[in-house]
Amino acid sequence: MKKSALVTGVSGQDGAYLSRLLLEKGYTVYGLLQRSTRYAFANLDYLGVTADVDFVDGDLTDEASLINAVCRTRPDEIYNLAAQSFVGTSWDQPILTTEINAVGTMKLLEAAKRHAPQAKFYQASTSEMFGNCHQDGLQTEETPFHPRSPYAISKLCAYWIVNNYRESYGMFCVNGILFNHESPIRGKEFVTRKISHNVAKIKLGLSERFGLGNLDSTRDWGFAGDYVEAMFLIMHQDVPENFIVSTGETHSIRDFLTVAFNHVGIPDWEKHVYVDPAFKRPAELFSLKGSSRKAQEKLKWTPKVKFEELVRMMVDADLERLRNTNKVNR
Ligand code: GDP
């Protein structure tokens, strides 16, 4: 029988890539969609899957809508990808961030427990939960957590809620602890897409300079398309367990700038980037580098797209988009 999945956050980067993957695997994909005046389908359109997703109205802050969604769809699998996902905003909207990311996860789990207790549940956990903790420069599943933003705190709360539903009720509930993962449809508020978009603008003569915050922090950046495959594999283990998903490589914002500008033939990126303190954060994570050894051993998962390839892919996609877009939408 055809399997079904309910995906929250379906209109986001990961929601779009995961929907495409699940559709390719023959799933019926139900996408939970917030009512919004803004056009929500750009990411799904980009991957060509909008018409194949069944949309269900709902919002993680509205328990009744979650109960309706679970009862209506009776999914085999639930992927909870919806979140206030931008760290920077979480200092300005800490309560909303917690309502959505932590309490919202519990509301969805309650709906699942009562109305679809056999459904497997995937939670989008994050490397932000580690803060600056590491063991010999690496984060593993055993590294202690020390969240350093309202976002990270809300996500750590959700992480424990998910573990607790597994332990208390025997539900198949798992956390994928994903390190930063990017793509041409990453939101422009994130540093990688901000860079690729601005580099493309500069290359096309549409702009000359742009501002960034801390250039020295390093991140373990992978490709979102690879990471949704790991999500699927985590959900298809015999035993529900948490997994880190990462590349094991780390690069600074400066490295990202170097590769991006070099790719368009501009070697001296310093001329085009200034430091704007507005983009610095009250508390920073200096270095993230995850060990995905467990995922490699148990899931047989390895990331395919390497750092340089990812940067180039994002810059090329932005160049193409800008060339095809009229000036008003740039
Ligand atoms: P995060 O790891 O989830 O917070 O992903 P981001 O892409 O938002 O940020 C990654 C790193 O880039 C953080 O250390 C930020 O402080 C740093 N960064 C430096 N300048 C900027 C900027 O202008 N925007 C963003 N979003 N991050 C920046």
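Definitions and cut-offs
- Residues numbered from 1 in each chain as written.
- Predicted model: local features only at pLDDT ≥ 70, side-chain atom pairs only at ≥ 80, totals over all residues.
- Heavy atoms only, no water.
- Phe/Tyr/Trp six-rings, centres within 6.5 Å; stacked < 30°, edge-to-face > 60°.
- Helix = DSSP H or I, 4+ residues; strand = E, 2+ residues; numbered from the N terminus.
- Buried < 20%, exposed > 50% of the residue type's maximum accessible area, 1.4 Å probe, protein only.
- Lys NZ or Arg CZ within 6 Å of the ring centre and 35° of its normal.
- Expected span 1.5 Å × (residues − 1).
- Contact = heavy atoms within 4.5 Å.
- Pairing = 2+ DSSP bridges.
- Axes fitted to C-alpha atoms, helices over the stretch in contact; angles between N-to-C directions.
- Near = heavy atom within 4 Å.
- Polar contact = N/O pair within 3.5 Å; in protein donor to acceptor, adjacent residues only side chain to side chain.
- Areas by Shrake-Rupley, 256 points an atom, 1.4 Å probe, with all protein chains shown as cover.
- Nonpolar A, V, L, I, M, F, W, Y, C, P; charged D, E, K, R; others polar.
- Domains from an automatic or database assignment.
- Salt bridge = Lys/Arg side-chain N within 4 Å of Asp/Glu carboxyl O.
- Lys, Arg positive; Asp, Glu negative; His and termini not counted.
- Buried area = accessible area lost by both parts, 1.4 Å probe.

K.L.:
Mind showing me how you'd approach the packing of aromatic side chains here?
P.N.:
The description of an aromatic ring pair uses the distance of the two centres, along with the angle that the planes make with each other. Taken as a whole, this structure holds 16 aromatic pairs when the rule is applied. Ring geometry for Tyr 165 and Tyr 169: centres 5.0 Å apart, planes at 65 degrees, overall edge-to-face. With Tyr 165 and Tyr 169 both in helix 6 (residues 150-169) and four residues apart, the pair spans about one turn of that helix. Summarising the aromatic geometry, the rings of Phe 210 and Phe 261 are spaced 6.5 Å apart at their centres and angled 15 degrees between planes, so their arrangement reads as stacked. Taken together, the positions of Phe 210 in strand 8 (residues 210-212) and Phe 261 in helix 9 (residues 253-263) put the pair 51 residues apart, joining distant regions of the chain. Residue class for Phe 261 comes out buried when judged on its relative accessible area of 0%. One aromatic cluster is present, formed by Phe 130, Phe 145, Tyr 159, Trp 160 and Phe 179 through successive ring pairs. The ring of Tyr 169 has Lys 113 lying over it, and the distance from NZ or CZ to the ring centre is 4.5 Å. Note that Arg 186 overlies the ring of Phe 190, its terminal NZ or CZ placed 3.6 Å from the centroid.

K.L.:
Quick question: what am I supposed to make of helix 11 (residues 307-324) here?
P.N.:
Residues separated by three or four positions in an α-helix point in the same direction, a consequence of the helix having 3.6 residues per turn. Over its 18 residues, helix 11 extends 26 Å from the first C-alpha to the last, a length consistent with the 26 Å expected when each residue adds 1.5 Å. Among the residues of helix 11, those classed as buried are Phe 307, Leu 310, Val 311, Met 314, Val 315, Ala 317, Asp 318, Leu 319 and Leu 322. Considering only its buried residues, helix 11 is in contact with helix 2 (42-46), strand 7 (181-182), helix 7 (191-203), strand 10 (222-223), strand 12 (251-252) and helix 9.

K.L.:
Teacher, can you tell me more about the sheet that holds strand 11 (residues 243-245) here?
P.N.:
In any sheet, the strands associate via hydrogen bonds between backbone groups, in a parallel or an antiparallel arrangement. The strand order 3-2-1-4-5-6-11 describes an open sheet built from seven strands, whose pairing is parallel. Each edge of the sheet is formed by a strand with only one pairing partner; in this case those strands are strand 3 (54-57) and strand 11. Each strand axis lies, on average, 25 degrees off the axis of its neighbour in the sheet, ignoring direction. Note that strand 1 (residues 4-8) and strand 4 (residues 77-80) share four bridges and pair parallel. Counted as the bridge partner of Ala 5 is Glu 77 from strand 4. Lying on the sheet, helix 1 (residues 13-24) is in contact with strand 1, strand 2 (28-33) and strand 4; it crosses strand 1 at an angle near 175 degrees.

K.L.:
Got a minute to help me understand the site of the ligand in this structure?
P.N.:
Around the ligand there are 17 residues in total, and Lys 194, Gly 213, Ser 217, Arg 281 and Glu 284 lie nearest to it. A distance of 2.9 Å separates an oxygen atom of the ligand from a polar backbone atom of Val 191. Contact with the protein chains covers 97% of the free accessible surface of the ligand, which is 530 Å². Looking at the shell around the ligand residue by residue, the classes come out as seven nonpolar, four polar and six charged. Summarising the domain contributions, the shell around the ligand has at least three residues from each of domain 1 (4-181 + 221-245) and domain 2 (188-219 + 249-287 + 305-329).

K.L.:
Got a minute to help me understand the pattern of salt bridges in this structure?
P.N.:
Pairing between side chains of opposite charge can happen when the charged atoms of each approach one another. Using the criterion set out here, one finds 14 salt bridges in the structure. A salt bridge links Arg 254 to Asp 216, with the shortest nitrogen-to-oxygen separation between them at 2.8 Å. Of this pair, Arg 254 sits in helix 9 while Asp 216 sits in the loop between strand 8 and strand 9 (218-219); the two residues are 38 residues apart in sequence, bridging distant segments of the chain. Ionic pairing is found between Asp 268 and Lys 271, a salt bridge with its closest N-O pair at 2.8 Å. By relative accessible area, Asp 268 is classed as partly exposed at 27%. Because the salt bridges share partners, they merge into one network encompassing Glu 110, Lys 113 and Arg 114.

K.L.:
Help me understand the pairing of strand 6 (residues 173-178) in this model?
P.N.:
On a regular strand, each side chain points to the face opposite its neighbour's, so the side chains alternate between the two faces of the sheet. Of all six residues in strand 6, six are buried, a share of seventy percent or more. Of the two faces of strand 6, both are covered, the one formed by Cys 173, Asn 175 and Ile 177 as well as the one formed by Val 174, Gly 176 and Leu 178. In the sheet, strand 5 (residues 120-126) pairs with strand 6 via six bridges, with the strands oriented parallel. Across the sheet, Ser 125 pairs through a bridge with Ile 177, a residue of strand 6.

K.L.:
Looking at this model, I keep getting lost on the side chain of Lys 155. Mind explaining?
P.N.:
Inspection of the secondary structure assignment puts Lys 155 in helix 6. Of the side chains with opposite charge, Asp 14 comes closest to the buried, unpaired Lys 155, at an N-O distance of 8.4 Å. Within the structure, the side chain of Lys 155 is placed 2.7 Å from the backbone oxygen of Ala 124, a separation counted as a polar contact.

K.L.:
Teacher, can you tell me more about the domain arrangement of the chain here?
P.N.:
For an interface, size is often stated in terms of accessible area lost upon the parts coming together. Taken domain by domain, the chain comprises domain 1 (4-181 + 221-245) and domain 2 (188-219 + 249-287 + 305-329). For domain 1 versus domain 2, the separation of C-alpha centres amounts to 27 Å. Across the boundary between the two partners, domain 1 contributes 16 residues, which contact 23 residues of domain 2. In total, domain 1 and domain 2 occlude about 1,800 Å² of area from one another, counting both sides; carbon and sulfur atoms represent 63% of this. Considering only the surface of domain 1 that becomes buried against domain 2, Phe 86, Arg 148 and Trp 221 emerge as the three largest contributors, covering 44% of it. Taken together, the links from domain 1 to domain 2 amount to zero salt bridges. On inspection of domain 1 and its partner domain 2, the count reaches six residue pairs in polar contact (both at pLDDT 80 or more). Considering each element in turn, the side of domain 1 that touches domain 2 owes the most residues, three residues, to helix 4 (residues 87-92). In terms of residue class, the side of domain 1 that touches domain 2 is built from six nonpolar, seven polar and three charged.

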